[in-house]
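Coordinate analysis (summary)
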Amino acid sequence: MIDWQNDPDGYHVETLTTTGAVLAIAQCDATGPVQWFSRWIAEGGHANSAVLAIDGHTARVIQGENAGQGLLVIWAMMDGIASNELVLMLLGGGEGNASTPHADTDTSTPHKTDTDNSSRVNDCTLRGKATLHLAASAALSIIKVFRVLPMKAKATLRFISRGILNARKGMRAKAVLRFIARHKTAQPPSGLTMKMKIFIDPFRPDVIRDQYLLIWFNGHPNHCRIALKIDDDAEFQPAFIWQNPGNTAPAIVKIDSAEIPSDGQTHRITVSVWQQVGNQTSARATLSDFAKTPNIRPPTQPEWCGATSIRQGETIKGKVDGYTRTIGHISDLTRINWRHTGAVQLMARIPVLKKGNQYALQDCIIGYADHNETTFYVENIGEKISGSGGILHDVLFGVAAIQNGTFGPVTWANAPVKIREVHPDPYTPDSNPDAATARVLYLDWMKEEIGKALFTENGWTYPGYGSPAADIKRRDTIHQAIDKTLRRIKETTRQGGNVTLDDLGRFEARWNPERTVRSVGFIASPGFIEGTKRGIILTDQQAKALP
Amino acid sequence: MTARVDLHILTCAKTNPDWLQQAIASADGQPVNLRIIDNANCPTGVGRTQAYRESSAEFVACLDDDDVLLPDAIESCIAALDANPAAIGDYTDALYIDESGQVLGPDISTNSGPWTVERNLTGAGHTEHIAVMRRSAVLPFLDELESYPSMEQYFLHGMLATVGDWIHVEQPGYCFRLHPDNNHNTIPIEFRHATRQLIRQRLTAAGRVAIPRIDVHVLYCYEPVRWIDDALISLAAEPVNVHFLKGIAGKVGLARANAFRLGTAEYVAFVDADDAVVSGAFNAALDILDSRPEIVATYCDVQLIGEPEGVGYFKAPWNPLAQLFGPSEVHHLHVMRRSAVEPHLAELELWDGYEEYLLMGLICQFGQQYHISHPWYRFRQHNAYPRAGAIGGNPMRKAAGRRILPTLYPLINAGVCQ
């Protein structure tokens, strides 16, 4: 058993100060000879940031040169058996050290720490002459057993040989591995944690879809017993499913039978886990948690609902542009009455036209009414049906109570109301004020128009089939001039430039903020903008002169 | 009184007559029954409640005495509601104007795109200008509305969202006048927070938003109100219960332990009152914690507020050695299992510094930490007041390291890491 002089449970923290300073002192309570070992886990500091100065059963941790942050782990060997470990956490901040976090690499392998060169021997092959006066001893000691399954261990093998080499010969030795396992008492599983999972129907908060208990702990579920207790009921050992077998992470166990009553009350769930291997039984690890199911309040429901048709809807047709079109409709009107002391939500169950001319019933909200209202007039339900044949359909109306921010069950009227479907989309003439003059012009047609205008202005005859070659050449020259104008704009813009055409606007290349994508923009000139606004052709100068 | 919308304007002692005239003129030609109510010396909620109670039209709306309606705003709102009988109200976009009436630019509170219920969690202005509501939907909430001295519209709009949907009419319909003294934001931050929390609770009860699974506390002590408000707003639409508490100067461990005890959610977390989170931060943490029971807590990378994107603290995957030696390594937006935190609260109370470092170490006895490689946390770097992390100096640093060393060393020794 070893421990720190001033920190009995094996852990100590110290701040680096000056080179050579004693940072901590470890002591061993053994009576026989002791060998000290250490390893360095770096967090910025090099491997010699702290070294051991051995004095029999005492080891002093001395600060090395340019020391940095890290963990120094030390242990001792007595009769081939390793002691417990001590951990020293060294923090940067003092003088004479080089605490540079994140700047070093891990040197966590065991290394020599004192003058005894037998403390670590690497694998090697010796060659030489020898007479067989050979005495050998070896010790393999488990120095660390991790608390995970399957069991893993690290060991250091010390091999010492003494003899006289008279001839070159390969040297061989047999080693006998003696495995000493101390049989201790079974321990309760560590890291026990639990979580009660309750899944509630999002649309019906009073309905629990599923509930189960998840627990996890460090241990093998097949070597453990699990007991469950709800409130003060009797404890029982439930069936469980191991969720992650073959995994060295904490075992996750699902218990489906861990149900708490659906009464809106908070319940205590207590789970206990203990190891049961052979006839060994560990103490229990026990944990409690609290969970509750939704508080189910009896929903209120309106006492009665009735609906009366007051007026049927009608699709109106008329002549537009010489065609018979649907130009509107008169909406239907239905009165809904109910009996209830609170506010209500009004609902309608409507046959809605779907694909394939099939009708499907659809519930929709048509309004809300306050606690002191008992009548509601709903209009234009026929438009929702969406059919165009003017057929009468059954529509059911109902009301649901509004209570505590939620809606109760719907009380539907005793009988449906017949409502005629009306065409929902009346024809609407184009509302564009320029409808009489607006045109869509494409490049080819524009070239033709420009060409014809120029031919007319010059008294030429616009060419057709069989026209003289001279006229055809004139026409083609005009078209080419337009093409070349457009091409020059594009050529200049693609190279990142811009083209400003007075009285028309500017074409320009633009880049996105990351300078990865080039795009084109057009900014209309003042004359173009103002002229378009006023419906006349204006130059920029004329536009500026306008009041 | 034949129009379909009852519109009211509340006036008070501070009402500017010129602006009031502009507000009245802007309603001219709109299909509204306009009513001017003298609400001097009364809380705003009282005036609004009176206006709504005494209305008789199908729809109701309100206009501030210093703002202006834009043409066609009301018609567009009515048309949208007629086309959607199930909707309880709608709202337009707005423009900012200065005191002289000059347009400054769009009010981006409403954002673009359809309404979502989260909009009613995040801010008062998000469904407010101009909002037209069905009178029948408003009436059930008037008793509560009356008790609101301010933020009454935010409250009412949130309540309406518990029973139905809003519609966003994507056209400017309102001019919101900004004032140099910013008198729209003089409401105490505690009141703003309480209103936000009430709306979340009601929306949760109505099944409109998911039940929060994380109790997040925000301790404030020296922070300017603007920073605190930014932190709280960043949390408003997150799936969390926010516990907003006054810190205890010099006793950060005690304050934090008290805060962790609040609520019953499965997970706990905290956000500093001068920082903020990015939308989606908590869902990212829940994704990890739900799928991996061996993870006891998550943390993330950090983006510095006011710095270009990518400037902050970006960390390596978690390993216990780095956690042991770096008090700021496992840091920022911890989302922790409550079951792992609660056993340590009594001890946490005793630590006036390094309490976060200590807690992060102690909970590792229940599982591993997990680093989410994304800057979900926005950290404000400043020297406005002493930070809690500086309290205690090296002696407390050593003591905290000594306390968590027995927990972390076995993990280091076993090679456990992310």
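Every value quoted in this text rests on a predicted model; they were computed, and no experiment measured them. (Residues numbered from 1 in each chain as written. Chains lettered and ligands numbered in written order. Predicted model: local features only at pLDDT ≥ 70, side-chain atom pairs only at ≥ 80, totals over all residues.)

**What to know about the overall build of chain A**
If you tally the helices and strands in chain A, you get five helices and 34 strands. A burial count over chain A gives 24% of its 547 residues as buried. For chain A, long-range pairs separated by at least 24 residues make up 63% of all intrachain contacts whose partners lie at least 6 apart in sequence. (Helix = DSSP H or I, 4+ residues; strand = E, 2+ residues; numbered from the N terminus. Buried ≥ 20, exposed ≤ 12 C-beta atoms within 10 Å, placed from the backbone. Contact = placed C-beta atoms within 7 Å.)

**Concerning the overall build of chain B**
From N to C terminus, chain B includes 16 helices and 16 strands. Looking at chain B residue by residue over its 418 residues, the buried ones come to 48%. Of all intrachain contacts in chain B linking residues separated by at least 6 positions in sequence, the fraction that spans at least 24 positions is 83%.

**Overview of the interface of chain B and chain A**
Opposite the 31 residues of chain B that make contact, chain A presents 34 residues. Top contributing element to the side of chain B that touches chain A by residue count: helix α16 (residues 393-414) of chain B, with ten residues. Broken down by class, the residue content of the side of chain B that touches chain A amounts to 17 nonpolar, nine polar and five charged. (Nonpolar A, V, L, I, M, F, W, Y, C, P; charged D, E, K, R; others polar.)

**Regarding the sheet that holds strand β28 (residues 375-379) of chain A**
Residue and element names in this part refer to chain A. Ordered by their spatial adjacency, three strands build an open sheet running β22-β25-β28, and the pairing between neighbours is antiparallel. Each edge of the open sheet is held by one strand with a lone partner, namely β22 (304-311) and β28. For this sheet the average axis-to-axis angle between neighbouring strands, irrespective of direction, equals 20°. Relative to β28, strand β25 (residues 333-339) is paired through five bridges, and the arrangement is antiparallel. (Pairing = 2+ DSSP bridges. Axes fitted to C-alpha atoms, helices over the stretch in contact; angles between N-to-C directions.)

**Topic: the packing of helix α8 (residues 189-205) of chain B against helix α9 (residues 225-236) of chain B**
Residues and elements named next belong to chain B. Two elements in contact, α8 and α9, have axes whose closest approach is 11 Å; the angle formed by their N-to-C orientations is 5°. Taken together, the axis directions place α8 and α9 in an arrangement best described as roughly parallel. On α9, the residues touching Ile-189, His-193 and Arg-196 of α8 are Val-225, Ile-228, Asp-229, Leu-232 and Ala-236. When its residues are assigned to classes, the contact of α8 with α9 shows five nonpolar, one polar and two charged. (Parallel < 35°, antiparallel > 145°, perpendicular 65-115°, else oblique.)

**Quick word on helix α10 (residues 252-260) of chain B**
The buried count for α10(B) comes to seven of nine residues, which makes it a mostly enclosed element. Those residues of α10(B) that are buried are in contact with β9 (214-220), β10 (240-246), β11 (267-270), α13 (338-341), α14 (345-348) and α15 (355-362) of chain B.

**Here we look at the sheet that holds strand β6 (residues 58-63) of chain A**
Residue and element names in this part refer to chain A. A sheet is described by the order of its strands in space; here four strands give the open sequence β1-β3-β6-β5, paired in antiparallel fashion. Here the strands that pair on one side only, and so sit at the sheet edges, are β1 (2-4) and β5 (50-55). Averaged over all adjacent pairs, the angle separating strand axes in this sheet is 25°, with direction ignored. Pairing of strand β3 (residues 22-28) with β6 involves five bridges; the strand directions are antiparallel. Bridge pairing in β6 links Ile-25 to Arg-60.

**Looking at the packing of α15(B) against α16(B)**
All names here are of chain B. Between α15 and α16, the shortest axis-to-axis distance is 8 Å and the interhelical angle comes to 15°. If you check the angle between α15 and α16, you find them roughly parallel. In the packing of α15 onto α16, the handedness of the crossing is left-handed. Contact residues: α15 offers Tyr-357, Leu-358, Gly-361 and Leu-362, while α16 offers Ala-400, Arg-403, Ile-404, Thr-407 and Leu-408. Its residues placed into classes, the contact of α15 with α16 shows six nonpolar, two polar and one charged. (Left-handed = near helix turned anticlockwise from the far one by under 90°.)

**Observations concerning the nonpolar core**
Among the nonpolar cores identified, the biggest contains 183 residues, and Leu88(A), Val132(B), Val218(B) and Ile363(B) are the most heavily contacted of them. Contacts of Val132(B), omitting those with residues within four sequence positions, involve Val5(B), Phe59(B), Ala61(B), Ile74(B), Cys77(B), Ile78(B), Leu81(B), Gly89(B) and Asp90(B). With 21 residues, the next largest nonpolar core counts Ile215(A), Phe217(A), Val271(A) and Val273(A) among its residues. (Core = buried A, V, L, I, M, F, W, Y, C linked by C-beta atoms within 7 Å.)

**Details of α8(B)**
Residues and elements named next belong to chain B. The end-to-end C-alpha distance of α8, which contains 17 residues, comes to 24 Å, matching closely the 24 Å that a straight helix rising 1.5 Å per residue would cover. Those residues of α8 not exposed but buried are Arg-192, His-193, Arg-196, Ile-199, Arg-200, Arg-202 and Leu-203. Check the buried side of α8 and you find it contacts α4 (119-122), α7 (152-163), α9 and β10. (Expected span 1.5 Å × (residues − 1).)

**Digging into the confidence of the model for chain A**
Residues and elements named next belong to chain A. In the predicted model, chain A carries a mean pLDDT of 80, and 80% of its residues have values of at least 70. Note that residues 94-140 has pLDDT below 50 and, in this model, 108 contacts with residues that lie over four places away or in other chains. Predicted confidence for residues 142-150 stays below pLDDT 50, and this span has 18 contacts to residues more than four positions away or in other chains. (pLDDT = per-residue confidence, 0-100.)

**Some points on unusual backbone geometry**
The general pattern is negative phi for most residues beyond glycine and trans for most peptide bonds. Residues and elements named next belong to chain B. Its identity is not glycine, yet Asn-41 carries a phi of approximately 65°, on the positive side. Of note in the backbone geometry, Met-151 takes a positive phi value of approximately 60° without being a glycine. Looking at the secondary structure, you find Met-151 in the loop between α6 (142-145) and α7. We classify Met-151 as partly exposed; it has 19 C-beta atoms within 10 Å.

**With respect to the environment of Phe314(B)**
Residue position: Phe314(B) is located in the loop between β14 (312-313) and α12 (320-325). Residues Phe314(B) and Val302(B), spaced twelve residues apart in sequence, show a C-alpha to C-alpha distance of 6.3 Å.

**Considerations on the environment of Trp216(A)**
Relative to the assigned elements, Trp216(A) resides in strand β15 (residues 208-218). For Trp216(A), a count of 25 C-beta atoms within 10 Å translates into the label buried. Separated by 36 residues in sequence, Trp216(A) and Ile252(A) place their C-alpha atoms 4.3 Å apart. What Trp216(A) contacts, discounting residues up to four positions off in sequence, is Thr193(A), Pro250(A), Ala251(A), Ile252(A), Val253(A) and Pro293(B).

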